[in-house]
Amino acid sequence: MASTKSEAPSVKNLLRDGGTTYAAELGLDLAKNTPSPLFRWLGASLLLSTRISAGKAMNAAKALASAGWTTPEKMAASTWEERTRVLNEAGYARYDESTSRRLADMCDRLIGEYHGDLRRLREKAGEDPARERELLKAFKGIGDVGADIFCREVQVAWPELYPFVDDRAAASAKKLGLASSKEEVAQLVPRKQLPRLLAALVRADLRK
């Protein structure tokens, strides 16, 4: 175990100060494992993986939902111009045009291959984590970082991913002296709390 009595308050402080998952911040209950939250989280993972601030990415994700595009079918019915405008007004200006295209490609692939339901991707992968990542990365705009972000929080609904600890969270934990490996990070908290801890570690890293 990586945690000690001296470290425990640090973990508690991390959870208190930054332990709201990014999905929860968007109002998504991933644990229910239902199509709309999973779709919105995939879109948010794409936005968060771009070289833009997390704050702007989250604002953009919220703006897309406010526009009513909470399912792949609804987003697919929007125009490139509409999506670009919403992203731009949310502060996602630098990548608004390319991201608008990638969101459309994501919806087309999700509808065409999985009938709009990411749970079908999981079924196609046979609940194999490596295969799930491979299929996620087939979506334009979802690379290793995007797949990490998605898996980091969806492990509450897809238990085969547990214990998933991404590189950024692990590096943050090491800097803070909390754990020296991904395995040790996962041992710092109970299973259900791991996504919260990872979110807190990422926020700590963003705050430097």
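Quick note: structure is the one above.
Residues numbered from 1 in each chain as written. Predicted model: local features only at pLDDT ≥ 70, side-chain atom pairs only at ≥ 80, totals over all residues. Heavy atoms only, no water.

As for empty space enclosed by the protein
So, step 1. Tallied over the full model, the rule gives one cavity of 30 Å³ or more.
So, step 2. Each pocket or cavity is described by its volume, and for the largest cavity that value is around 110 Å³.
So, step 3. Contributing to the lining of the largest cavity are 13 residues, with Arg-40, Ala-61, Leu-64, Trp-69 and Met-75 lying nearest its centre.
So, step 4. The biggest single contributor to the lining of the largest cavity is helix H3 (residues 35-48), with four residues. (1 Å grid on protein atoms, 1.4 Å probe; cavity = no way out; pocket = protein on both sides within 12 Å on 5 of 7 lines; lining within 4 Å. Points joined across faces, edges and corners; volume = space filled by probe spheres on them. Helix = DSSP H or I, 4+ residues; strand = E, 2+ residues; numbered from the N terminus.)

Notes on the side chain of Thr-21
So, step 1. One can find Thr-21 in the loop between helix H1 (8-18) and helix H2 (22-25).
So, step 2. Under the relative-accessibility criterion, Thr-21 is labelled buried at 14%.
So, step 3. From its side chain, Thr-21 meets the backbone nitrogen of Ala-24 in a polar contact 3.0 Å long. (Buried < 20%, exposed > 50% of the residue type's maximum accessible area, 1.4 Å probe, protein only. Polar contact = N/O pair within 3.5 Å; in protein donor to acceptor, adjacent residues only side chain to side chain.)

Considerations on the environment of Val-185
So, step 1. Within the element layout of this structure, Val-185 appears in helix H12 (residues 182-186).
So, step 2. Taking the relative accessible area as the measure of exposure, Val-185 reaches 1% and is therefore buried.
So, step 3. Beyond its immediate chain neighbours, meaning those up to four positions away, Val-185 contacts Val-165, Ala-170, Ala-173, Ala-179, Leu-194, Leu-197, Leu-198 and Leu-201. (Contact = heavy atoms within 4.5 Å.)

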